[in-house]
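Below, each chain spelled out in residue letters.
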Amino acid sequence: MSGIVVKEVERRPVERGLGLHSHITGLGLDEKLKAIHIADGLVGQEEAREAAGIMVELVKKGRRPGHGLLLVGPPGTGKTAIAIGMARELGRDVPFVAMSGSEIYGTTMKKTEFLTQAMRRAIGLRLFEQREVYEGEVASIEIEKSPHPFNPYAQVALGALLTLKTSKEEKTIEVGDRVASQLLRLNVRTGDVIEIDAETGRVVKLGRSKLAESKWKGEYRVGRLVDRPDGPVRKTKKTTHTLSLHDIDMANIRAGRALLFREEEITDEIRSKVDEEVERLIKDKQAQLVPGILFIDEAHMLDIEAFSFLNRSLEQEFAPLVVLATNRAVTKIRGTDLFSPHGIPIDMLDRLLIAKTKLPSRDDIKKILEIKAAADGIDLDPQALELLTDLGEKHTLRYAAQLLQPAKVIAEYMGSSVVKVEHVERVKGVYIDVRDSIRYLEDELKKDPVFSQFLK
Ligand SMILES: Nc1ncnc2c1ncn2[C@@H]1O[C@H](COP(=O)(O)OP(=O)(O)OP(=O)(O)O)[C@@H](O)[C@H]1O
Ligand SMILES: [Mg+2]
């Protein structure tokens, strides 16, 4: 045994910050991977959606695309939205990790450690598990009980005698207090189909047997009806369970020592041990690697150190698909005086396929606002929608979209359940667009000789 644990870790959600994009449910492609103009909450941006869809197909098939994806386009044109659409298209157990380039500066961790963790979160390991279980329809059940020592209204289970039957056989098993108390708590009775893990003793109520039900008709309402299991009562069940490499790393620092400090470092030693064990599991066909997607928004915020680290990591055996997004044209690579397309070093750019998002048409702006309002449960008057569309066209889609929630609040305070023109007018009067905020400050600073130096 290598002493490496691959089970027993908590699951944490990998998707974050989806609130802004709650209307997006996928990439909206047809079976030939062509974008449907309006689908899955996305509107237009057909090329970028198809570019993203092809990458998702590769990832889903477990093939490693030779290149990452770079989404380029003006602010508010749906780059982040498309990345969220990619996440939604991936299978349930394929990891999707989203971060912003600036996040590497926000922690006490080393930048490369932060990126390593992000990459390892984006790689899954699908474990094939075989569990020994007892499964069958409860033919009879007798629970031995005694009064609870402290609570006179409760009883504790000491053990149980249980007969399980399948369409093939019937077996009587004796269980101890741990299993018996679960049987009591789950209120297991004859006619229920249950599963007991032979190793851990965990009891799962799978449902109510269809065959048993006829006898109980009318007595009480049942939950799920299931078939009476087939085959032997004691059997081996195959299941899968997916963890990220980062989950496994974490489980191993916990396993290694007492948890005195909260932020423990994952050493290279732990990681290479985990990798060895993972390779062994894969070779023994006990597990399968599931590379997912690492999405880095505002990629121009990464610095030269981060880029060169990413570049190297992508060559490694275990690597996720990297998707970057930026709204910068030519800009300085952070940490250097060098200018580069999108602030990304050329050797990194070589590893990326580029897709663009465009400024949306008036019709598309209108449609997006309509979808967003509906997703957020905001009832928009047609004229209010028209006004918001004007604002989206004149300023930005983002600005218009951001006014939706405040307009709803104003509407509520003015006693209306529908957002009308006057409500949009009010919020438009108090919140300004970023172009206006820049212009405003410039104009104000110019008036004063002292402050005007801030304009330089
Ligand atoms: N084509 C689209 N279809 C549906 N919703 C969209 C579309 N484009 C943008 N949106 C919505 O408009 C808002 C702004 O879009 P998003 O945040 O994706 O822009 P972005 O291109 O990532 O901008 P930035 O460069 O500033 O990061 C989001 O709420 C997004 O869901
Ligand atoms: Mg974005």
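Further up the page is the structure itself.
Residues numbered from 1 in each chain as written. Chains lettered and ligands numbered in written order. Predicted model: local features only at pLDDT ≥ 70, side-chain atom pairs only at ≥ 80, totals over all residues. Heavy atoms only, no water.

Student: Can you walk me through the pattern of salt bridges in this structure?
Tutor: If the charged atoms of two oppositely charged side chains come close together, the side chains can form a pair. Here the structure, examined in full by the defined rule, presents 38 salt bridges. Across the salt bridge formed by E315 and R351, the nearest N and O atoms sit 2.5 Å from each other. Of this pair, E315 sits in the loop between helix 8 (304-313) and strand 14 (321-326) while R351 sits in the loop between helix 9 (346-349) and strand 17 (352-356), and the two are 36 residues apart along the sequence. Residue classification places E315 among the exposed positions, given a relative accessible area of 59%. Here R362 ties to E386 by a salt bridge, and the two come within 2.7 Å at their closest N and O atoms. (Salt bridge = Lys/Arg side-chain N within 4 Å of Asp/Glu carboxyl O. Helix = DSSP H or I, 4+ residues; strand = E, 2+ residues; numbered from the N terminus. Buried < 20%, exposed > 50% of the residue type's maximum accessible area, 1.4 Å probe, protein only.)

Student: Even after reading the chapter, I still don't get the site of ligand 1, so can you show me in this structure?
Tutor: Near ligand 1, the surroundings consist of 22 residues, among which V43, G76, K79, T80 and R398 are the closest. A distance of 3.1 Å separates a nitrogen atom of ligand 1 from a polar side-chain atom of H23. K79 has a polar side-chain atom sitting 2.7 Å from an oxygen atom of ligand 1. Surface burial for ligand 1 is 94%, taken as the share of its 630 Å² of free accessible area covered by protein chains. Where the shell around ligand 1 is concerned, the elements lending two or more residues are strand 2 (42-43), helix 2 (79-89), helix 10 (362-375) and helix 12 (397-402). For the shell around ligand 1, the element with the most residues is helix 2, which contributes 3 residues. (Near = heavy atom within 4 Å. Polar contact = N/O pair within 3.5 Å; in protein donor to acceptor, adjacent residues only side chain to side chain. Areas by Shrake-Rupley, 256 points an atom, 1.4 Å probe, with all protein chains shown as cover.)

Student: Would you mind going over the sheet that holds strand 3 (residues 68-72) with me for this structure?
Tutor: Strand-to-strand pairing in sheets goes through backbone hydrogen bonds, with the strands running parallel or antiparallel. The strand order 4-13-14-3-17 describes an open sheet built from 5 strands, whose pairing is parallel. Each of the sheet's edge strands pairs with one partner strand only, and the pair in question is strand 4 (96-100) and strand 17. Strand-to-strand twist in this sheet, taken as the mean axis angle between neighbours without regard to direction, amounts to 20°. With 5 bridges connecting them, strand 3 and strand 17 associate as parallel partners. When the bridges of strand 17 are listed, L70 appears paired with I354. Contacts between helix 3 (residues 111-121) and the sheet are confined to strand 4 and strand 13 (293-297), with strand 4 contributing the most and set at about 155° to the helix. (Pairing = 2+ DSSP bridges. Axes fitted to C-alpha atoms, helices over the stretch in contact; angles between N-to-C directions. Contact = heavy atoms within 4.5 Å.)

Student: Is there a simple way to explain unusual backbone geometry in this structure?
Tutor: Peptide bonds are, in most cases, trans, and in most cases residues other than glycine have a negative phi. A positive phi angle is found at K285, which is not glycine, with a value near 60°. Here K285 is to be found in the loop between helix 7 (268-283) and strand 12 (287-291). Relative accessible area serves as the criterion here: at 70%, K285 is assigned to the exposed category. At E298, a position not held by glycine, the phi torsion is positive, near 50°. The residue E298 is located in the loop between strand 13 and helix 8 in this model. Judged by its relative accessible area of 33%, E298 is partly exposed.

Student: I would appreciate a short explanation of helix 2 in the present structure.
Tutor: The periodicity of an α-helix, 3.6 residues per turn, causes residues three or four places apart in sequence to face the same way. Buried residues dominate helix 2, accounting for 8 of its 11 residues. For helix 2, every residue scored as buried is listed here: K79, A81, I82, A83, I84, G85, M86 and A87.

Student: What should I look at first to understand the packing of aromatic side chains in this one?
Tutor: The relation between two aromatic rings is expressed through the spacing of the ring centres and the mutual angle of the planes. Under the counting rule described, the total for this entry stands at 1 aromatic pair. Where F96 meets F295, the ring centres are 6.4 Å apart and the plane angle is 25°; that geometry is what we call stacked. Taken together, the residues span a long stretch of sequence, with F96 in strand 4 and F295 in strand 13 at a distance of 199 residues. F96 sits in the buried class, given a relative accessible area of 3%. On the basis of relative accessibility, which here comes to 2%, the residue F295 falls in the buried class. (Phe/Tyr/Trp six-rings, centres within 6.5 Å; stacked < 30°, edge-to-face > 60°.)

Student: Whenever I open this one, helix 7 confuses me. Can you help?
Tutor: The end-to-end C-alpha distance of helix 7 is 22 Å, a good match for the 22 Å that 16 residues give at a rise of 1.5 Å each. What helix 7 keeps buried is the set I270, R271, V274, D275, E277, V278 and L281. Projected down its long axis, helix 7 carries its buried residues within an arc of 170°, all on one side. Turned more than 90 degrees off the buried face of helix 7, the exposed positions are D268, E269, E276 and K283. Phi turns positive one or two residues past the end of helix 7, at K285, with a value near 60°. (Expected span 1.5 Å × (residues − 1). Arc of directions from axis to C-beta.)

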